[in-house]
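Coordinate analysis (summary)
Each chain, written out:
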Amino acid sequence: MTSKKQKDSVLVAESSKVLSKLMCPALEKAGYDVTLVGDGLEAIKFCFEKKPLCVICDTDLPKLDGWQICSVIKDASEISGIPFILVTANDLKENDFTAENSYAEKVMSLNGENLDELLSSVQEMCAYRKDVLAAEAAELETAEAAESGKAAPKNAAPDKDKS
């Protein structure tokens, strides 16, 4: 029996067909399971329902812009840990780096020349998020075992008091 490795889930919230045609195929080729949504409300709904490992979001979306989406996600405790990359086709100005976007892990102007930078950032953020989720799961397993009086999980640290 062969097991198929589950792909890392990445949400792309982008209303521009040009940018989505640039990002989505490159992300899929890199091995990600990509979901594309075209407006801010869809992005927030997807994050709450599916909890992707990473979000790439255009700064200028219908209904809610990328700055607002980032704030909503980072303020919601159940999804606040999802890494967030804000992208724009426009040149970034100094005032784009204000408190308004301080929640985003990365803000970048995207064009065909820096797609590798985006892919590298997604890879780093997905790896980090998986590490955090694994640590949270191990903590929960240890806490549940302690509550039920069962032995600690196999991956727990050994008891050093035994001699």
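Attention here is on the structure that accompanies the text. (Residues numbered from 1 in each chain as written. Predicted model: local features only at pLDDT ≥ 70, side-chain atom pairs only at ≥ 80, totals over all residues. Heavy atoms only, no water.)

**Overview of the environment of Asp8**
Under the convention used in this document: A run of H or I in DSSP becomes a helix once it reaches four residues, and a run of E becomes a strand once it reaches two; helices and strands are each numbered from the N terminus. A 1.4 Å probe rolled over the protein chains alone gives each residue an accessible area, and that area as a share of the maximum for its type sets the label: buried under 20%, exposed over 50%, partly exposed in between. Contacts are assigned to residue pairs with any non-hydrogen atoms lying within 4.5 Å of each other. Pairs of N or O atoms are called polar contacts if they sit within 3.5 Å, as long as, within protein, a hydrogen donor faces a hydrogen acceptor (for residues adjacent in sequence, only side-chain-to-side-chain pairs).
Looking at where Asp8 falls in the secondary structure, it is placed in the segment before strand 1 (9–13). On the basis of relative accessible area, Asp8 is assigned to the buried category, the value being 17%. C-alpha separation for the pair Asp8 and Val34, spaced 26 residues apart in sequence, amounts to 8.4 Å. Residue contacts for Asp8: discarding those within four places in its chain leaves Gly31, Tyr32, Asp33, Leu53, Cys126 and Lys130. Only 3.1 Å separates the side chain of Asp8 from the side chain of Lys130, close enough to count as a polar contact.

**Comments concerning helix 4 (residues 115–148)**
Put simply, the test is: To estimate how far a helix should extend, the number of its residues minus one is multiplied by 1.5 Å.
Along its 34 residues, helix 4 runs 49 Å from first to last C-alpha, staying within 8% of the 50 Å computed at 1.5 Å per residue. What helix 4 keeps buried is the set Leu115, Leu118, Leu119, Ser121, Val122, Met125, Cys126, Arg129 and Ala145. Buried residues in helix 4 make contact with strand 1, helix 1 (17–29), strand 3 (54–58), strand 4 (84–88) and strand 5 (106–109). Downstream of helix 4 by one or two residues, Gly149 has phi in the positive range, about 80°.

**Focus on the layout of surface pockets**
Using the following cut-off: A pocket, in this scheme, is an open set of points on a 1 Å grid over the protein atoms alone with protein on both sides within 12 Å along at least 5 of 7 lines, while a cavity is a set where a 1.4 Å probe fits but cannot get out; residues line either one if an atom lies within 4 Å of a point. Grid points are joined across faces, edges and corners, and a volume is the space filled by probe spheres set on the points.
Taken as a whole, the largest pocket encloses approximately 230 Å³ of empty space. Along the wall of the largest pocket there are twelve residues; nearest its centre are Asp8, Ala30, Gly31, Tyr32 and Gln123.

**Details of the sheet that holds strand 3**
Let me state the cut-off plainly: A strand pair is defined by DSSP finding two or more bridges across the two strands. In this analysis, axes come from line fits to C-alpha atoms, helices being fitted only over the stretch in contact, and the angle between any two N-to-C directions falls in the range 0 to 180 degrees.
The sheet built from five strands is open, its strands ordered 2-1-3-4-5 with parallel pairing. Edge positions in the sheet fall to strand 2 (33–37) and strand 5, since each has one partner strand and no second. Averaged over all neighbouring strand pairs, the angle between strand axes comes to 20°, with direction disregarded. Sheet topology note: the strand 4/strand 5 ladder contains four bridges and is parallel. Across the sheet, Leu86 pairs through a bridge with Val107, a residue of strand 5. Packing against the sheet, helix 2 (residues 40–50) makes contact with strand 1, strand 2 and strand 3, and its axis sits at approximately 165° to strand 1. Across the sheet, helix 3 (residues 66–75) lies against strand 3, strand 4 and strand 5, angled at about 175° from strand 4, the strand it touches most.

**Concerning the pattern of salt bridges**
To be explicit about the condition: Salt bridges are counted wherever a side-chain nitrogen of Lys or Arg sits within 4 Å of a carboxyl oxygen of Asp or Glu.
Counted by the stated rule, this structure contains four salt bridges. In this structure, Lys63 and Asp39 form a salt bridge, with 3.5 Å as the shortest nitrogen-oxygen distance. Residue Lys63 is found in the loop between strand 3 and helix 3, and its partner Asp39 is found in the loop between strand 2 and helix 2; the two are separated by 24 residues along the sequence. We classify Lys63 as exposed; its relative accessible area is 61%. Between Glu117 and Lys106 there is a salt bridge whose closest N-O contact spans 3.0 Å. Remark: Lys106 occurs in strand 5 and Glu117 occurs in helix 4; sequence separation between them is eleven residues. Its relative accessible area of 36% is what places Glu117 among the partly exposed residues.

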